[in-house]
Amino acid sequence: MTTTPPSPSAPPKQAETPALAEHKREFIETFFKRGAELTEELIRENERLRQRVVELEASTRGGSEAPHDYAARLLEIERENNNLANLFVASQALHSAVELGELASVLVEILLNFVGAKTFAIQLVDEERGILRTLVSEGVERSDVPQPSIGNAALVGPMRGEALLPTGPLRARPVTAAPMVCVPLKLGEKIVGIIAVWELLLQKTELADVDFELFKLLGDHAGSALQSARLGAELKGRPLALWGAVDLV
Amino acid sequence: MPTALVVEDSPTMRQLIVFALHRVKGLSVVEARDGVDALGKLATTTFDIILTDINMPIMDGLKLVRRIRSDDALKHIPVIIITTEGAEEDRQRALALGANTYITKPIQAPQVIAKVKELLAL
């Protein structure tokens, strides 16, 4: 497969002033800082509740109450705590990456280590050509990832903002087939790209509860993190369309 | 106070492991980004447990385990492997080299915490 040559072009809304871009950037940073603070608070609260369950369990040990209820609750809280930690770390990493290359690495790390995806790609909408261009891939060479047209039948749902997140056991697919998981990357109402997964790690047979939350986080925030990185590049005098990021990574 | 060394090239994964280990009371944590970085820290600091990834640049986790087990001053330190490699032969190879425990990613924090506590007899 041949690699599409770079095609620098102006973004659709090029008239944006540096002041407006800075304002947008400040807003995005403030928004996600508050999000991180809220997550930290939730984790602290979860820890407090976990301790409380341990205390209650200890106080009822030997009594007539059923300790297995507390044990089950403790397990549930542990699971919730684990999920929150994943989301907190992923969110923090996503929004602390300011360079496009760094952001691409963070996205790969989250999908590989946190979700357990083995073969996947992040593709951005190239509005000029009407195709998806590969920003970064794992488990397959970037140049071997198909760059489908935006009108591709498998992309109808994702391009409308609907994530393809199946439940139950998943089977690996070749990258020439439609991905088993496909999550739109949103920037407000606009779809700026997708996460496509074709295979999970050997030990991972299906998506877990936290994976749905992680994909939601990535779908809702990765687009704005990419936009933020693009604005950063623009402020440094390197204007480019969002999909033009693929030429910088 | 026991000290753990976390060896992982991915900053986000490292942060997640450190985040989990902070829930082990009294455990302090030092981070290294690859095997060579880890050996440098092992030369100057005393560690009670090591948690390492396998796939890392410069020096991978299996080479690190081999170096640790062949060093009289270090070979007693328990090692936990945390990796994306889920094949049974990978697990057997790591355990044969001297790793104490093998955990596959994505990790569950309670599992990591339980193994650390078990190996440190906390």
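Residues numbered from 1 in each chain as written. Chains lettered and ligands numbered in written order. Predicted model: local features only at pLDDT ≥ 70, side-chain atom pairs only at ≥ 80, totals over all residues.

S.K.: Mind laying out the overall build of chain B, listing which residues take part and the relevant values?
M.R.: Within chain B, the regular secondary structure consists of five helices and five strands. Across chain B, helices and strands are ordered from the amino to the carboxyl terminus as β-α-β-α-β-α-β-α-β-α. Compactness check: chain B gives a C-alpha radius of gyration of 13 Å against a globular reference of 14 Å for 122 residues, within 12% of the reference. Taking the principal axes of the C-alpha coordinates as reference, chain B spans close to 30 × 30 × 25 Å. Within chain B, buried positions represent 38% of all 122 residues. Counted over contacts in chain B with a minimum sequence separation of 6, partners at least 24 positions apart contribute 61%. (Helix = DSSP H or I, 4+ residues; strand = E, 2+ residues; numbered from the N terminus. Rg over C-alpha atoms; globule rule 2.2 N^0.38 Å. Buried ≥ 20, exposed ≤ 12 C-beta atoms within 10 Å, placed from the backbone. Contact = placed C-beta atoms within 7 Å.)

S.K.: Can you lay out the confidence of the model for chain A for me, pointing to particular residues and giving the numbers?
M.R.: Residues and elements named next belong to chain A. Taken residue by residue, chain A gives an average pLDDT of 83. The fraction at 70 or more is 86%. When mean pLDDT is taken per element in chain A, strand S4 (residues 190–200) scores highest with 95 and helix H1 (residues 18–60) scores lowest with 77. In this model, residues 1–13 is a region of pLDDT below 50 whose contacts with residues beyond four sequence positions or in other chains number 15 contacts. (pLDDT = per-residue confidence, 0-100.)

S.K.: Can you lay out the environment of His22(B) for me, pointing to particular residues and giving the numbers?
M.R.: Residue and element names in this part refer to chain B. Mapped onto the elements, His22 comes out in the loop between helix H1 (11–21) and strand S2 (28–32). Assessed through the 13 C-beta atoms surrounding it within 10 Å, His22 is described here as partly exposed. Considered as a pair, His22 and Thr12 are 10 residues apart in the sequence and their alpha carbons are 15 Å apart.

S.K.: Explain the pairing of strand S4 (residues 79–83) of chain B to me, using residue names and the numbers behind them.
M.R.: All names here are of chain B. Most of S4 is tucked away, with five of its five residues classed as buried. Of the two faces of S4, the one lined by Val79, Ile81 and Thr83 and the one lined by Ile80 and Ile82 are each fully buried. Each parallel crossover has a hand, and for strand S3 (residues 49–52) linked through helix H3 (residues 61–69) to S4 it is right-handed. In the sheet, S4 pairs with strand S5 (residues 101–104) via four bridges, with the strands oriented parallel. Each bridged residue has a counterpart across the sheet, and for Ile81 the counterpart in S5 is Tyr102. For the crossover that starts at S4, traverses helix H4 (residues 88–97) and ends in the parallel S5, the hand is right-handed. (Right-handed = clockwise from strand over helix to strand, strands pointing away. Pairing = 2+ DSSP bridges.)

S.K.: I'd like a description of the interface of chain A and chain B, backed by residues and values.
M.R.: A common way to state how big an interface is: give the accessible area lost once the parts meet. At the junction of the two partners, chain A supplies 18 residues and chain B supplies 16 residues. Mapped by element, the contributors of at least two residues to the side of chain A that touches chain B are helix H2 (67–96) and helix H3 (100–115) of chain A. Classifying every residue of the side of chain A that touches chain B gives 11 nonpolar, five polar and two charged. (Nonpolar A, V, L, I, M, F, W, Y, C, P; charged D, E, K, R; others polar.)

S.K.: Can you break down the sheet that holds S3(B) residue by residue, with the values?
M.R.: Residues and elements named next belong to chain B. Here we have five strands laid out as an open sheet, ordered S2-S1-S3-S4-S5, and parallel in their pairing. Since the sheet does not close on itself, it has two edges, and those belong to S2 and S5, each with one partner. Strand-to-strand twist across the sheet, computed as the mean angle between neighbouring axes with direction ignored, equals 20°. When strand S1 (residues 3–7) meets S2, the two strands line up parallel, connected through five bridges. Bridging from a neighbouring strand, Ala4 pairs with Val29 of S2. In this fold helix H2 (residues 35–44) packs onto S1, S2 and S3, with an angle of close to 160° to the strand it touches most, S1. (Axes fitted to C-alpha atoms, helices over the stretch in contact; angles between N-to-C directions.)

S.K.: Break down H2(B) for me, with residues and values.
M.R.: All names here are of chain B. Considered for burial, the residues of H2 that qualify are Gly35, Ala38 and Leu42. Buried residues along H2 cover an arc of 55° about the axis, so they all sit on one side. Counted as exposed and oriented over 90 degrees from the buried face of H2: Gly40, Ala43 and Thr44. Buried residues along H2 sit in contact with S1, S2, S3 and H3. (Arc of directions from axis to C-beta.)

S.K.: Before we move on, could you go through the environment of Lys33(A) and cite the residues and values that matter?
M.R.: All names here are of chain A. Within the secondary structure, Lys33 is located in helix H1. The class of Lys33 is exposed, set by 12 C-beta atoms lying within 10 Å. Taking the C-alpha atoms as reference points, Lys33 and Ser91, 58 residues apart in sequence, are found 9.6 Å from one another.

S.K.: Tell me about the nonpolar core, and name the residues and values.
M.R.: Counting residues in hydrophobic clusters, the biggest one holds 83 residues, and the most contacted among them are Leu103(A), Leu107(A), Ile110(A), Leu111(A), Ile195(A), Leu214(A) and Leu51(B). Here this core takes 11 residues from H3(A), the largest share from any one element. (Core = buried A, V, L, I, M, F, W, Y, C linked by C-beta atoms within 7 Å.)

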